[in-house]
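# Architecture and fold: a report
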Amino acid sequence: QVLLVESGGGFVQPGGSLRLSCAASGATFRSYALGWFRQAPGKERELVAAIDWSGGNTYYPDAMRGRFSISRDNLKDTLYLQMNILKPEDTAVYYCAARGRGTFPFVRVDEYYFWGQGTQVTVSL
């Protein structure tokens, strides 16, 4: 079982950038495919990006393609999400999630078994 802890959220003005991190512990990090999700108030949790076990393959839903970049460092047991040109509609709690073996990409919430506690991102003037 893996423990996930997000960090890096905060307040940013429109057009700004943030990099989120997700530190993992308690298990072999490279055994897990990973994803970033977000959930805005009153909305369902949605996938932002996913990455496979080695980091060699990534997946972005069409709506997330271009401004978000997912990466991982298997030596540091850390997942990253670089977010650029942020918009007010990007305001949400961002979660990292993990799962084991399967056929990548994993796009649904119920495809992930382990979740972090989330980090708040607020984009506003």
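Refer to the structure printed above.
It should be emphasised that the depicted structure is a prediction, and the values quoted were computed from it without experimental measurement. (Residues numbered from 1 in each chain as written. Predicted model: local features only at pLDDT ≥ 70, side-chain atom pairs only at ≥ 80, totals over all residues. Heavy atoms only, no water.)

Looking now at the overall build of the protein chain. Counting its regular elements, the protein chain contains 0 helices and 11 strands. What you see in the protein chain, going N to C, is helices and strands ordered as β-β-β-β-β-β-β-β-β-β-β. Over its C-alpha atoms the protein chain spans a radius of gyration of 13 Å, differing by no more than 12% from the 14 Å that the globule rule assigns to 125 residues. In terms of its C-alpha atoms, the protein chain occupies a principal-axis envelope of roughly 40 × 25 × 25 Å. Counting all 125 residues of the protein chain, 46% fall into the buried class. Residue pairs in contact within the protein chain that sit at least 24 positions apart in sequence constitute 60% of those at least 6 positions apart. Counting only carbon and sulfur atoms, one obtains 49% of the accessible surface of the protein chain, whose full area is about 6400 Å². Between the centroid of the 13 positive side chains of the protein chain and the centroid of its 11 negative side chains there is a distance of 3 Å. (Helix = DSSP H or I, 4+ residues; strand = E, 2+ residues; numbered from the N terminus. Rg over C-alpha atoms; globule rule 2.2 N^0.38 Å. Buried < 20%, exposed > 50% of the residue type's maximum accessible area, 1.4 Å probe, protein only. Contact = heavy atoms within 4.5 Å. Areas by Shrake-Rupley, 256 points an atom, 1.4 Å probe, with all protein chains shown as cover. Lys, Arg positive; Asp, Glu negative; His and termini not counted. Charge placed at Lys NZ, Arg CZ, Asp CG, Glu CD.)

Turning our attention to the pairing of strand β11 (residues 119-123). Along β11, the buried face is formed by Thr119, Val121 and Val123; none of Gln120 and Thr122, which line the opposite face, is buried. One ladder, built from 3 bridges, connects strand β2 (residues 10-12) with β11; its direction is parallel. Bridging across to β11, valine 12 finds its partner in valine 123. (Pairing = 2+ DSSP bridges.)

The final tally for this structure, using the stated rule, is 1 disulfide. The partner cysteine of cysteine 22 in its disulfide is cysteine 96, sulfur to sulfur 2.0 Å. Because the sign of the S-S torsion sets the handedness, a value of about 55 degrees for the bond joining cysteine 22 and cysteine 96 places this disulfide among the right-handed ones. In this pair, cysteine 22 is assigned in strand β3 (residues 18-25) and cysteine 96 in strand β9 (residues 92-99), connecting sequence segments 74 residues apart. Given a relative accessible area of 1%, cysteine 22 falls into the buried group. The exposure class of cysteine 96 is buried, given its relative accessible area of 0%. (Disulfide = S-S within 2.5 Å.)

This brings us to the pattern of salt bridges. What the rule picks out here adds up to 6 salt bridges. A salt bridge links arginine 38 to glutamate 46; its shortest N-O distance comes to 2.8 Å. For glutamate 46, a relative accessible area of 34% puts it in the partly exposed group. A salt bridge links aspartate 62 to arginine 65; the nearest nitrogen and oxygen atoms lie 3.1 Å apart. Residue classification places aspartate 62 among the exposed positions, given a relative accessible area of 66%. The partly exposed category is assigned to arginine 65, whose relative accessible area is 49%. One continuous salt-bridge network, built from bridges that share partners, spans Arg38, Glu46, Arg67 and Asp90. (Salt bridge = Lys/Arg side-chain N within 4 Å of Asp/Glu carboxyl O.)

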